Amino acid sequence: MKTMAKRTAILLTLLLLMLSASLVINHAPSVASGQAFQQSGLDERTGKTPAQSGAQPWMAVLVDVGEPNVREGQFCGASLIAPQWILTAAHCVEDQSPTSVDVVVGRYQLTSDQGERIGAKRIIPHPGYVNEQDGQANDIALIELNRPTAAGRPISLIDAANAAADDPGVLARIAGWGRVPEKGLDVTDKLYSVDVPVVPQQACQVAHDGDIQADELCAGLPQGGADSCEGDSGGPLFVPAAGGKAVQIGITSWGGDGCGLPQSYGVYTRLTEYEHWIKTQIDGTNADSAPTVRPTSPSPSDSASIDPAETALPAGYSLIDAQNDQGERVAYFETRDGDYVDVSVFDADYSSLAEWMAEEGDEAIGQITQARDVPVLIEDGSDRHGAFWYATFVVDGQLIFIDGVLSYDELLAAVISLIN
Ligand code: 4AZ
C-alpha cells in the first residue's frame, strides 16, 4: 500500500509538473508578452529602444565646455570617424567655437564616467553650409580633437566599395541621446537606437513638399513610428553590418514637425556627397603631421630590400605565380579559402611614403601604421562581400602595394613578412 501511495504521489507530481511545464511552454511564445519583455523601454512614437551597451563604439556627444555634467551639457550627437576626427551636423556647431565644445567619446550612459572627454582643436563647418532659415544645405561639419582618442572605435564611411549601403530599402539605424517623446525625456541617460529603412528620394520629396536636396537622404516608415528626434542631430545614420562592418551613410539633420509622424521621414545629410571634402580636410592634417608619415631618422626600410617572390608567405597563403608585369604585379598569393592577395612593386624611386602621398593627394586616404618602424598606409576597402584591405609602403625606394581579400590582421602579417 505504501508503495502504491508513493507511486500515485509520484505520478501525480509528474502530471502536475507536465501540466505546469505545458502552461509555461504555451505561454512563452505569446507575441504580446514576448515583445513587452524584449522591448521594455520602447518609445512607440519613435520606435527607439535602449541600445546595446558597447555596440555603437563610434558614438560621440557634443557638450558645452562650461558644464561638467555631460547629461546637462550635451547638445548634439556625433560620430568618431578617425582617432582624432569627429563628424557632426553643421547646424550643431553653428554658434560654437573650439573653446566652447567638448566631445565625449566611448560613453554609453551620459551620467557615467566611461570613455573620454576631449577638447576641440578645430571646428570645420562645410563652407557651403546654409542654415535652416535660408533653406538648409550642406549640414555637415568636422571637429578635430585636441588629441587622438583610444576610447571608442571609429566608424567607416560609405565609399565606392560600399556604394549600395544607402540604397532605398536598406535597413539603417540611428542612435542618440535625443528626445523620447512618450517618456517626456528631452535627453536620455542611456544611448537609444532605432532601425529606419532608407526611403526612395521621390517618396521623401512628396512627404517634405519638394524640400529635399540631392545632398540629403530620408529614412523612416510611411506610417511613422521609426525616427530620430530633437537632440539626435549630428549623430550617425549607419548600416550596422554592410559586409560585416558598420558603415555610416548619413548625419541626422532635420525632420518635419514632431518625430515619428506618418508621411514625415527623418532627413539626413547624404555622406556620399561629401567623401572628397571629408578626405581633403583629414588629409590636410596628415600632411602637417609629418613625423608620423616621414621617417626622420634612418629606419630599417633604408637597408631592407624586397622581393615578394622570395619572401616567406603569410600563414595560410601559397604563391600562385611571380611575374613582373611591367614593374607591377610580382606576386599573387592565394589563401586556403581561394581568396587572393596581390603584391605590386613600383619602381618609382620614392624616398618615403609621405612623398608618394603628397603626389597622390586626395587619392591617398587611410591610417598610417608603423610596421617594424616602416610607415604603412592602411586603407579599408571592405564591403558587403567581405573584408578587403590595402596597404602601401616604401622599402628601399620601391613603392609596395598589397591588396586583397583578407582581414586587417592578415594584411599586417603580410606587410611584416614582406618587410622582413
Ligand atoms: C533635431 O532637431 C531633429 N524627426 C532631429 C531629427 C528629426 C527632427 C528634429 C527627425 O535634432
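Note: the structure precedes this text.
Treat the numbers as computed from the prediction; the structure is a model and nothing was measured.

Let's hear about the overall build of the protein: which residues, and what values?
If you tally the helices and strands in the protein, you get 9 helices and 21 strands. Burial statistics for the protein: of 420 residues in total, 47% are counted as buried. Nonlocal contacts in the protein, meaning residues at least 24 apart in sequence, comprise 62% of its contacts between residues at least 6 apart. As displayed, the protein has an accessible area near 20,000 Å², and 52% of this comes from carbon and sulfur atoms.

So what about the site of the ligand? Which residues, and what values?
In the vicinity of the ligand, the contacting residues are Asp227, Ser228, Cys229, Glu230, Gly231, Ser233, Thr252, Trp254, Gly255 and Gly258. At a separation of 2.9 Å, a nitrogen atom of the ligand approaches a polar backbone atom of Ser228. Here an oxygen atom of the ligand sits 2.4 Å away from a polar atom, N or O, in the side chain of Ser233. With the chains in place, 86% of the 300 Å² that the ligand exposes on its own is no longer accessible.

Describe the pairing of strand 3 (residues 74–82), and please don't skip the residues or the numbers.
Successive side chains on a regular strand alternate, one facing one side of the sheet and the next facing the other. The element strand 3 is largely enclosed, with a buried count of 8 among its 9 residues. Pairing of strand 2 (residues 59–64) with strand 3 involves 5 bridges; the strand directions are antiparallel. Looking at the pairing, Val63 lines up with Gln74 of strand 3. For strand 3 and strand 4 (residues 85–88), the ladder comprises 3 bridges, and the chain directions are antiparallel.

Cut-offs and rules
- Residues numbered from 1 in each chain as written.
- Predicted model: local features only at pLDDT ≥ 70, side-chain atom pairs only at ≥ 80, totals over all residues.
- Heavy atoms only, no water.
- Helix = DSSP H or I, 4+ residues; strand = E, 2+ residues; numbered from the N terminus.
- Buried < 20%, exposed > 50% of the residue type's maximum accessible area, 1.4 Å probe, protein only.
- Contact = heavy atoms within 4.5 Å.
- Areas by Shrake-Rupley, 256 points an atom, 1.4 Å probe, with all protein chains shown as cover.
- Near = heavy atom within 4 Å.
- Polar contact = N/O pair within 3.5 Å; in protein donor to acceptor, adjacent residues only side chain to side chain.
- Pairing = 2+ DSSP bridges.

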